[in-house]
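Summary of structural features
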Amino acid sequence: MTTITRFAPSPTGRLHVGNIRTALHNWMLAKKHGGRFLLRIDDTDAERSREEYVDAIRADLAWLGLEPDGEARQSQRLELYDAAFEALKAAGRIYPAYETAQELELKRKIRLGRGKPPVYDRGALSLSDEERAAKEAEGIAPHWRFKLDHDAPIEWNDGVRGPQKFDPAQLSDPVVRRADGGWLYMLPSAVDDLDMGVTDVLRGEDHVSNTAVQIQMFTALIAARYAAAKMPSFAHEALLVGSEGKLSKRLGSLGCDHFRAQGYEPEALVAMLARLGTSQPVEPIADRALLVDTFDLSTFGRAPAKFDETELHRINAQIVHQLPFERVRGYLPSGFTEAAWLAIRPNLEKASEVIDWWQVVTGPVERTELSDEDRAYVGEAAGALEWGDNPWGQLTGALKDSTGRKGKALFLPLRLALTGRASGPDMGALLPLIGEDEARARLERAAGR
Ligand code: GLU
């Protein structure tokens, strides 16, 4: 059986780092088993859903390299939900309810006041036909609830949390459809998962109790309408928290735009989120195949995963040090060569800093103040400069012999004269990029000539 996973955002806002992590894990789970990763846009709420967010979700997934193998939109599948709804109604699993929000709130308070869990009392189920007719005659349209089966506990073996068990009597019969015909999330999602052959539902642990309810929906739907379908497996990952250990507002607002604007590479974000909260070390792995190979739900912990942007910074630098020229070529100024990239790359924390170093290569460089002695020394260097295979090795070798200088005294004045900076990329790689004439001119200028 082909593994099919799905990422199912509601287009009511931008993706944040927690959503991105869920999308990534679903993508990895599918790829690990040679399966398919689907994007499902949960846009049944027409009022809150926005087209711009649908576009942004697609663009963010593309930036991350998590291209879906298929896309579906719930707003285009309403007939399917209608049919499922009718089938469940005919099977006696969906019933109309007439309470107003205020009545429900009052019932809730009374139950809580009596020390009972605030579960819906199924008042609507005891209405007689006449009472229902009277409500409708008053112009009260019903909303619709799914009737949970109280006979047996709901159990599943969660891919992250292990064996789970819920007593259905402790759960409210969920509202699946509003009085105006609009859908709530639960039923359409279960219908889609069966209809699309989703094999693995992997989502945040805030959905655990939804899963309990949806398992009964899956069972009822399979019996009523989807005889050939199979219930998916479920896994709920621990939530992401900020470095301060709390669910932070800030984390909820951090999305791809932020990471891109900060100059982080998508590879860095992917490498970090792939393993955060698992027992595997977060490492700067740019090779996705390797991340996918090592993806393993059984390594996921149950404690919240801590997201720390300083860790991302570190991973990003290590990723940049590995990025091949082809990957960055499009962002580099014209004339920038592969040799230049390889020389400069180890000095970067963010790829965008490469522009600074290119400025150092092409000049002009900042003037540095040297002591009289060092001015004379770099003047001597200008004369000693010879251009062969290894001009830096040749130059420093010759100056070592002629001046007796070594270490910092030998190298630093040359670096300052040639680059205007006290540290930077390996001079052996940088000097050929600067070129012979320009290098000599810089040495002479620093010598005060
Ligand atoms: N649209 C739901 C959400 O964003 C989907 C949850 C799920 O993965 O089933 O929470």
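Residues numbered from 1 in each chain as written. Predicted model: local features only at pLDDT ≥ 70, side-chain atom pairs only at ≥ 80, totals over all residues. Heavy atoms only, no water.

1. Quick look at the environment of Glu-267
Positionally, Glu-267 belongs in helix α10 (residues 266–275). Look at Glu-267 and you get buried, because its relative accessible area is 13%. Taking C-alpha positions, Glu-267 is 38 Å from Met-217, a pair spaced 50 residues apart along the chain. Sequence-distant contacts of Glu-267, defined by excluding residues within four places in its chain, comprise Ile-285, Ala-286, Ile-319, Leu-323 and Arg-327. (Helix = DSSP H or I, 4+ residues; strand = E, 2+ residues; numbered from the N terminus. Buried < 20%, exposed > 50% of the residue type's maximum accessible area, 1.4 Å probe, protein only. Contact = heavy atoms within 4.5 Å.)

2. A look at empty space enclosed by the protein
Throughout the structure, instances matching the rule amount to 2 cavities of 30 Å³ or more. Here the largest cavity defines a volume of roughly 80 Å³. Every residue along the wall of the largest cavity is listed here: Val-365, Glu-366, Arg-367, Thr-368, Leu-416, Ala-417, Arg-442, Arg-445 and Ala-446. Mapped onto the lining of the largest cavity, the elements with two or more residues apiece are α18 (407–419) and α20 (436–446). Along the lines of polarity and charge, the residues of the lining of the largest cavity split into 4 nonpolar, 1 polar and 4 charged. (1 Å grid on protein atoms, 1.4 Å probe; cavity = no way out; pocket = protein on both sides within 12 Å on 5 of 7 lines; lining within 4 Å. Points joined across faces, edges and corners; volume = space filled by probe spheres on them. Nonpolar A, V, L, I, M, F, W, Y, C, P; charged D, E, K, R; others polar.)

3. Quick notes on the side chain of Thr-211
Inspection of the secondary structure puts Thr-211 in helix α7 (residues 208–224). When sequence neighbours within four positions are dropped, the list of residues in contact with Thr-211 reads Trp-156, Arg-203, Phe-234 and His-236.

4. Notes on the site of the ligand
Residues in contact with the ligand, as listed here, are Arg-6, Ala-8, Ser-10, Asp-42, Tyr-185, Ser-189, Arg-203 and His-207. A distance of 2.6 Å is found between an oxygen atom of the ligand and a side-chain nitrogen or oxygen belonging to Tyr-185. Contacts to the ligand include His-207, whose side-chain N or O atom sits 3.0 Å from an oxygen atom. Coverage of the ligand by the protein amounts to 78% of the 300 Å² it exposes when considered alone. Assessed atom by atom at 2 Å from the grid points, the ligand resides in the largest pocket. Of the residues belonging to the shell around the ligand, the class tally is 2 nonpolar, 3 polar and 3 charged. (Near = heavy atom within 4 Å. Polar contact = N/O pair within 3.5 Å; in protein donor to acceptor, adjacent residues only side chain to side chain. Areas by Shrake-Rupley, 256 points an atom, 1.4 Å probe, with all protein chains shown as cover. Sits in = over half its atoms within 2 Å of the grid points.)

5. Looking at the packing of aromatic side chains
For the structure on display, the rule yields 11 aromatic pairs. When the ring of Phe-295 is compared with that of Phe-300, the centres are 5.6 Å apart and the planes differ by 75°; the resulting orientation is edge-to-face. Assessed through its relative accessible area of 5%, Phe-295 is described here as buried. Every member of this aromatic cluster is reached through a ring pair, and the members are Tyr-81, Phe-85, Trp-144 and Trp-183. Over the ring of Tyr-120 we find Arg-145; its NZ or CZ atom is 3.6 Å from the centre of that ring. Over the ring of Trp-63 we find Arg-260, and its NZ or CZ is 5.1 Å from the ring centre. (Phe/Tyr/Trp six-rings, centres within 6.5 Å; stacked < 30°, edge-to-face > 60°. Lys NZ or Arg CZ within 6 Å of the ring centre and 35° of its normal.)

6. Description of the layout of surface pockets
One way to see where empty space is left: roll a probe the size of a water molecule over the atoms. In this structure, the largest pocket spans a volume of roughly 760 Å³. Taken together, 31 residues line the largest pocket, and the ones lying closest to its centre are His-16, Asn-19, Thr-22, Asp-206 and His-207. Counting residues per element, the ones that place at least two in the lining of the largest pocket are β1 (4–7), α1 (17–32), β9 (200–204) and α8 (249–253). Top element by residues in the lining of the largest pocket is α1. It accounts for 6 residues. Partitioned by chemical class, the residues of the lining of the largest pocket number 12 nonpolar, 12 polar and 7 charged. Considered as a void within the structure, the second largest pocket measures approximately 290 Å³ in volume. Along the walls of the second largest pocket sit 15 residues, with Gly-263, Glu-265, Tyr-331, Ala-351 and Ser-352 positioned nearest its centre. Listed by contribution, the elements that provide at least two residues to the lining of the second largest pocket are α13 (325–328) and α15 (354–362). Residue composition of the lining of the second largest pocket, grouped by class: 10 nonpolar, 2 polar and 3 charged.

7. Focus: the pairing of β1
Side chains Ile-4 and Arg-6 project from β1 onto one buried face, and the interleaved Thr-5 and Phe-7 project onto a second face that is buried too. As judged from the 4 bridges shared by β1 and strand β2 (residues 36–41), these two strands associate in the parallel manner. Of the residues in β2, the one forming a bridge with Phe-7 is Leu-39. For the handedness criterion, the β-α-β arrangement of β1, α1 and β2 is classed as right-handed. (Pairing = 2+ DSSP bridges. Right-handed = clockwise from strand over helix to strand, strands pointing away.)

8. Structural notes on the nonpolar core
Within the largest apolar cluster, 87 residues are counted, with the highest numbers of intra-cluster contacts made by Phe-259, Phe-307, Phe-336, Trp-341, Val-378, Leu-414 and Leu-443. The greatest single-element share of this core, amounting to 8 residues, is contributed by α1. Each residue touching Phe-259, except ones within four places of it in the same chain, is listed here: Val-17, Trp-63, Leu-254, Tyr-264, Leu-269, Phe-307 and Leu-312. Ranked by size, the runner-up nonpolar core spans 36 residues in total, among them Tyr-81, Phe-146, Ile-154 and Phe-234. (Core = buried A, V, L, I, M, F, W, Y, C linked by side-chain atoms within 4.5 Å.)

9. Brief notes about α15
Of all the positions in α15, only Val-354, Trp-357, Trp-358, Val-360 and Val-361 are classed as buried. Buried residues of α15, seen end-on, are gathered within an arc of 155° and therefore sit on one face of the element. If you follow the buried residues of α15, they end up packed against α14 (338–344), α18, α19 (427–434) and α20. Downstream of α15 by one or two residues, Gly-363 has phi in the positive range, about 75°. (Arc of directions from axis to C-beta.)

10. Here we look at the sheet that holds strand β8 (residues 175–177)
As summarised here, the arrangement of the 3 strands in space is β4-β5-β8, forming an open sheet in which the pairing is antiparallel. This sheet does not close on itself; its edge strands, each paired only once, are β4 (94–97) and β8. Sheet twist, expressed as the average angle between the axes of neighbouring strands with direction ignored, equals 45°. (Axes fitted to C-alpha atoms, helices over the stretch in contact; angles between N-to-C directions.)

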